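# Examining the three-dimensional arrangement
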Amino acid sequence: MNTRSLSSTSPSIQFPDQDRHWRDRLKPYWPFPQIQNVVATCNLDCRLDLAVIAQHARNVEYSRKKFHALIMRIREPRTTTLVFASGRMVVTGAKSEDLTRLAARRHTRAIQKCGFQTRFRDFAVQNFVGSVSCGFHIRLEGLARHSWQWCTHEPELFPGLVFAMVKPKLKCLVFTTGKVVFTGAKREEDVYEAFVNLYPLLLDFKVDSVAAVPPWLKEKTPRPAKRSSKR
């Protein structure tokens, strides 16, 4: 089913008790989202020779013909960083802002040991990614019809529903299985607030029984092997 995508003239959605803090609206029996990835950027304030770093640093990948950035990895905290010749770095993989900052500093120190006068500047988190499992199936078609101003549902292109939340400003990817992914948040608190806003709406479109679940979502049970008629 196709629904109209979010436009700039769409009104801001109002959730119940939105003026209250999300902690006061969170029910103790609700699931709680977890931060899965934090994406941050920083500036080393100097030009870099990526070929030199690739020769001296550990756990790096660099192929100029494939990608104009050097890939660095560390185990603690487990992160992957893209290093550009301009001195910009993009750090991904950590599950909190503090761990992301620590990883960025360790990558900066590793590059400094290769002979570059680096400085750690302009650290900023660009994206918090969180996820939660609601524990029930969701009727995406009904949700798309009810909130068409904020929803984009194109099952032929993407299996989930995209709910563009205005306050806080982020996107919620809702799947029929009940999993919800929050992406585009600038603060960790925004993920939790978005969940508290969205979860009561998802309860309204909960699939009440297994019989109502589409056949392709049901777990396939193996059929018993046929007994041979030959004796």
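The rules behind these values
Residues numbered from 1 in each chain as written. Predicted model: local features only at pLDDT ≥ 70, side-chain atom pairs only at ≥ 80, totals over all residues. Heavy atoms only, no water. UniProt positions renumbered as here; feature names shortened; annotations may be inferred. Helix = DSSP H or I, 4+ residues; strand = E, 2+ residues; numbered from the N terminus. Buried < 20%, exposed > 50% of the residue type's maximum accessible area, 1.4 Å probe, protein only. Contact = heavy atoms within 4.5 Å. Core = buried A, V, L, I, M, F, W, Y, C linked by side-chain atoms within 4.5 Å. Pairing = 2+ DSSP bridges. Axes fitted to C-alpha atoms, helices over the stretch in contact; angles between N-to-C directions. Phe/Tyr/Trp six-rings, centres within 6.5 Å; stacked < 30°, edge-to-face > 60°. Expected span 1.5 Å × (residues − 1). Arc of directions from axis to C-beta.

The name an unreviewed UniProt entry gives the chain is TATA-box-binding protein, with Achaetomium macrosporum as the organism. Of the chain, the UniProt comment under Subcellular location (unreviewed entry) reads exactly: "Nucleus". Listed in UniProt under the heading Sequence similarities (unreviewed entry), the comment for the chain reads: "Belongs to the TBP family."

### Quick look at the overall build of the chain
When its secondary structure is counted, the chain shows 5 helices and 10 strands. With 231 residues in all, the chain has 41% of them scored as buried. Taking the intrachain contacts of the chain between residues at least 6 apart in sequence as the baseline, contacts between residues at least 24 apart amount to 64%.

### Some points on the nonpolar core
Counting residues in hydrophobic clusters, the biggest one holds 54 residues, and the most contacted among them are Leu48, Ile53, Ile111, Phe163, Val180, Phe182 and Leu198. With 9 residues, helix α5 (residues 188-203) is the largest single contributor of residues to this core. With near-sequence residues (within four places) excluded, Ile53 lies in contact with Leu48, Val60, Leu70, Ile111, Cys114 and Phe116.

### Regarding the side chain of Ser147
Relative to the helices and strands, Ser147 resides in the loop between α4 (140-146) and β7 (151-153). Among all residues touching Ser147, those that are not within four sequence positions of it are Phe163 and Leu201.

### A word on the sheet that holds strand β5 (residues 88-94)
One open sheet accounts for 10 strands, arranged β2-β3-β4-β5-β1-β6-β10-β9-β8-β7; its pairing is antiparallel. In this open sheet, the two edge strands, each paired with only one partner strand, are β2 (60-61) and β7. Looking at chain direction, strand β4 (residues 78-83) and β5 are connected through 4 bridges and run antiparallel. Bridging from a neighbouring strand, Val83 pairs with Met89 of β5. Contacts from helix α3 (residues 97-112) reach β1 (34-43), β3 (70-75), β4, β5 and β6 (121-133), with the element oriented near 135 degrees to β5. Each of β1, β6, β8 (161-165), β9 (170-174) and β10 (179-185) touches α5; the most contacted strand, β10, lies at about 140 degrees to it.

### Quick word on the pairing of β6
In the sheet, β1 pairs with β6 via 8 bridges, with the strands oriented antiparallel. Along β6, the bridge assignment pairs Asn43 with Arg121. Examined bridge by bridge, β6 and β10 share 5 bridges and lie antiparallel to one another. Residue pairing in the sheet places Ser131 in a bridge with Val181 of β10.

### Quick notes on the packing of aromatic side chains
Aromatic ring pairs: the centre-centre distance and the angle between the two ring planes describe each pair. In total, this model carries 9 aromatic pairs according to the counting rule given. With 4.9 Å between their ring centres and 55 degrees between their planes, Trp30 and Tyr199 make a pair best called tilted. A residue pair is termed long-range when its members are at least 10 positions apart, and Trp30 in the loop between α1 (22-25) and β1 and Tyr199 in helix α5 qualify at 169 residues. Following the ring pairs from residue to residue traces out a cluster consisting of Trp30, Phe136, Phe182, Phe195 and Tyr199.

### Considerations on α3
Look at α3: 23 Å from first C-alpha to last across 16 residues, which is about the 22 Å you get at 1.5 Å a residue. For α3, the full list of buried residues reads Thr100, Ala103, Ala104, His107, Thr108 and Ile111. Down the axis of α3, the smallest arc covering the buried residues is 140 degrees, so these residues share one side. In the core, the buried residues of α3 are packed alongside β1, α2 (50-56), β3, β4, β5 and β6.

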